[in-house]
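As a plain string of letters, each chain reads:
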Amino acid sequence: MKKYVCGVCGYVYDPAKGDPDSGVAAGTAFEDLPDDWSCPVCGASKDQFEPED
């Protein structure tokens, strides 16, 4: 699964880790995150993220 980077603050969403503080289990693909999920660091919306090179 691909990692995604926040274009605002540079936070990297790693599907292997998930986002436990937001209730997202490890192994959750970026595409499977809820539409209202936002960056845990800066609060940017999902559409501000780009796939990591």
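So, here's what we can say about the structure. These numbers were taken from a predicted model, which means no experiment stands behind them.

1. Description of the overall build of the protein
Okay, so step 1: Secondary structure assignment for the protein yields zero helices and three strands.
Okay, so step 2: Taken from N to C terminus, the helices and strands of the protein fall in the order β-β-β.
Okay, so step 3: A compact globule built from 53 residues would reach a C-alpha radius of gyration of about 10 Å, and the protein, at 10 Å, matches this within 12%.
Okay, so step 4: Each principal axis of the C-alpha atoms in the protein carries an extent, and together these give about 25 × 20 × 15 Å.
Okay, so step 5: When burial is assessed residue by residue, the protein has 34% of its 53 residues classed as buried.
Okay, so step 6: Restricting to contacts in the protein with at least 6 residues of sequence separation, those with at least 24 account for 46%.

2. A look at the environment of cysteine 39
Okay, so step 1: Locating cysteine 39 in the fold gives a position in the loop between β2 (12-13) and β3 (49-51).
Okay, so step 2: The sequence separation of cysteine 39 and lysine 3 amounts to 36 residues, and the corresponding C-alpha distance is 13 Å.
Okay, so step 3: Apart from the residues lying within four places of it in its own chain, the contact partners of cysteine 39 are Cys6, Cys9, Tyr11, Ala44 and Phe49.

3. Here we look at the nonpolar core
Okay, so step 1: One finds Tyr4, Cys6, Tyr11, Tyr13, Val24, Phe30, Leu33, Trp37, Cys39, Ala44 and Phe49 forming the largest nonpolar core, which totals eleven residues.
Okay, so step 2: The contacts of cysteine 6, once residues within four sequence positions are left out, are Tyr11, Cys39, Cys42, Ala44, Gln48 and Phe49.

The rules behind each value
- Residues numbered from 1 in each chain as written.
- Predicted model: local features only at pLDDT ≥ 70, side-chain atom pairs only at ≥ 80, totals over all residues.
- Heavy atoms only, no water.
- Helix = DSSP H or I, 4+ residues; strand = E, 2+ residues; numbered from the N terminus.
- Rg over C-alpha atoms; globule rule 2.2 N^0.38 Å.
- Buried < 20%, exposed > 50% of the residue type's maximum accessible area, 1.4 Å probe, protein only.
- Contact = heavy atoms within 4.5 Å.
- Core = buried A, V, L, I, M, F, W, Y, C linked by side-chain atoms within 4.5 Å.

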